[in-house]
Amino acid sequence: MFNDIGALELVTIVVLAILIFGPDKLPKVIQDVTGVIRKIRAFSDSAKQDIRSELGPEFKDFEFEDLNPKNFIRKQLSENEDLKEIRSSFDLRKELTDVTDAVNSKETDPAVASTAASATPAATGPDLLKKPAAPAADQRARFDADAT
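Residues numbered from 1 in each chain as written. Predicted model: local features only at pLDDT ≥ 70, side-chain atom pairs only at ≥ 80, totals over all residues. Heavy atoms only, no water.

**Student:** Go over the overall build of the chain, please, and point to the residues and values.
**Tutor:** The secondary structure content of the chain amounts to six helices and zero strands. Starting at the N terminus, the α and β elements of the chain follow one another as α-α-α-α-α-α. For the chain, the computed accessible surface area is about 13700 Å², with 61% contributed by carbon and sulfur atoms. (Helix = DSSP H or I, 4+ residues; strand = E, 2+ residues; numbered from the N terminus. Areas by Shrake-Rupley, 256 points an atom, 1.4 Å probe, with all protein chains shown as cover.)

Put into structure tokens, the structure is as follows:
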């Protein structure tokens, strides 16, 4: 609950508490605050038990922490077997290396590159260096100077 309070903040709170309540009443205030915190925790624990008992036996493993979206997504991703299989079969580094090699091809001669690409198009994927052919004159979009 107070994981991000540092030493300086804690000292400031103690000094303010001493100034506000005084050294005589401070122990009583601390006891009252801890008693209220215990009552709130007991109330929340009993409410959780009531909800679990009302949900029935099919929700015996239900945890309220799972309702946090971050925990829910993490749990669903870690339990899904299909995602584990996809994750293990997909090698991102290999894919990036293949794309980088295709873009930064070592071959400088376009005739050699085109014959190599046409020889094994399915093995290497699409030819990223090939330029598309220009459309025929009748297929070109008409230019309308008045429309622009």
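The discussion continues.
**Student:** So what about the pattern of salt bridges? Which residues, and what values?
**Tutor:** Enumeration according to the criterion identifies two salt bridges in this entry. Here Lys28 and Asp32 are joined by a salt bridge, their closest N and O atoms 3.4 Å apart. Of the two residues, Lys28 and Asp32 are both situated in helix α1 (residues 7-55); the distance of four residues between them amounts to about one turn of the helix. Residue class for Lys28 comes out partly exposed when judged on its relative accessible area of 49%. (Salt bridge = Lys/Arg side-chain N within 4 Å of Asp/Glu carboxyl O. Buried < 20%, exposed > 50% of the residue type's maximum accessible area, 1.4 Å probe, protein only.)

**Student:** Account for a nonpolar patch on the surface, with residues named and values stated.
**Tutor:** Side chains of Val11, Val15, Leu16, Leu19, Ile20 and Phe21 sit close together on the surface and give an oily, nonpolar patch of about 600 Å² of accessible area. By the element assignment, Leu16 lies in helix α1. A residue is classified by how much of its surface remains accessible, and Leu16, at 46% relative accessible area, is partly exposed. (Patch = residues over 30% accessible without salt bridge, like charges linked within 9 Å, V, L, I, M, F, W, Y side chains within 5 Å.)

**Student:** Would you mind going over the confidence of the model for the chain in detail, with residue names and values included?
**Tutor:** When the pLDDT values of the chain are averaged, the result is 77; 70% of them are 70 or greater. Averaged over each element, pLDDT in the chain is lowest for helix α5 (residues 110-119) (50) and highest for α1 (91). (pLDDT = per-residue confidence, 0-100.)

**Student:** Got a sec to walk through α1? Specific residues and values, please.
**Tutor:** When the terminal C-alpha atoms of α1 are compared, their 43 Å separation across 49 residues is substantially less than the 72 Å that a helix rising 1.5 Å per residue should span. Of all the bends in α1, the largest measures some 105 degrees and sits at Gly22, one to four residues before the proline Pro23. All of the buried residues in α1 are Ala17, Gly22 and Leu26. Of the residues trailing α1, Gly56 is marked for its positive phi of about 100 degrees. (Expected span 1.5 Å × (residues − 1). Bend = angle between axes of the 7 residues up to and from the residue.)

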